[in-house]
Amino acid sequence: MTHIARLPVIALGFMLVATGAHAACEVEYKAKRDKPLALYYDVTTVNAPCASAEAALRAQLAKKGLTLLKVLSKKEK
């Protein structure tokens, strides 16, 4: 009976660890907008792991009409 009671607690622990794997990433970047030319420097949080943060940021900026020029730094948040 004790093993059955521990099962939900163990499952909850695994769910909490899996949720932590989807950490956000803080990205420092440079971007531009054409016509009229405007250059941007900013730090933003992307809801993706740092390994895929550049692609997520590129899509996020494209929705605003911006083009990513360079990622300067990434930091897990």
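First things first, this report covers the structure right here in the doc. Given the structure is predicted, the values throughout are model-derived calculations rather than measurements.

**What about the state of the cysteines?**
Next up, step 1: Considering all chains together, one arrives at one disulfide under this definition.
Next up, step 2: Across a sulfur-sulfur distance of 2.0 Å, C25 and C50 are joined as a disulfide pair. Because the torsion about its S-S bond is 95 degrees, the bridge between C25 and C50 counts as right-handed. One end of the pair, C25, is in strand β1 (residues 25-33); the other, C50, is in the loop between β2 (38-46) and α2 (53-62), and 25 residues separate them in sequence.
Next up, step 3: Owing to a relative accessible area of 12%, C50 belongs among the buried residues under this scheme.

**A look at the pairing of β1**
Next up, step 1: Of the pairings in the sheet, the one linking β1 to β2 comprises nine bridges and is antiparallel in character. Along β2, the bridge assignment pairs K30 with Y41.
Next up, step 2: Counting the residues that bridge the hairpin from β1 to β2 gives four residues, and of these K35 lies at a positive phi of roughly 50 degrees.
Next up, step 3: Bridge count between β1 and strand β3 (residues 67-76): eight bridges; the pairing is antiparallel. Looking at β3, one finds that E28 is bridged to S73.

Calculation notes
Residues numbered from 1 in each chain as written. Predicted model: local features only at pLDDT ≥ 70, side-chain atom pairs only at ≥ 80, totals over all residues. Heavy atoms only, no water. Disulfide = S-S within 2.5 Å. Helix = DSSP H or I, 4+ residues; strand = E, 2+ residues; numbered from the N terminus. Buried < 20%, exposed > 50% of the residue type's maximum accessible area, 1.4 Å probe, protein only. Pairing = 2+ DSSP bridges.

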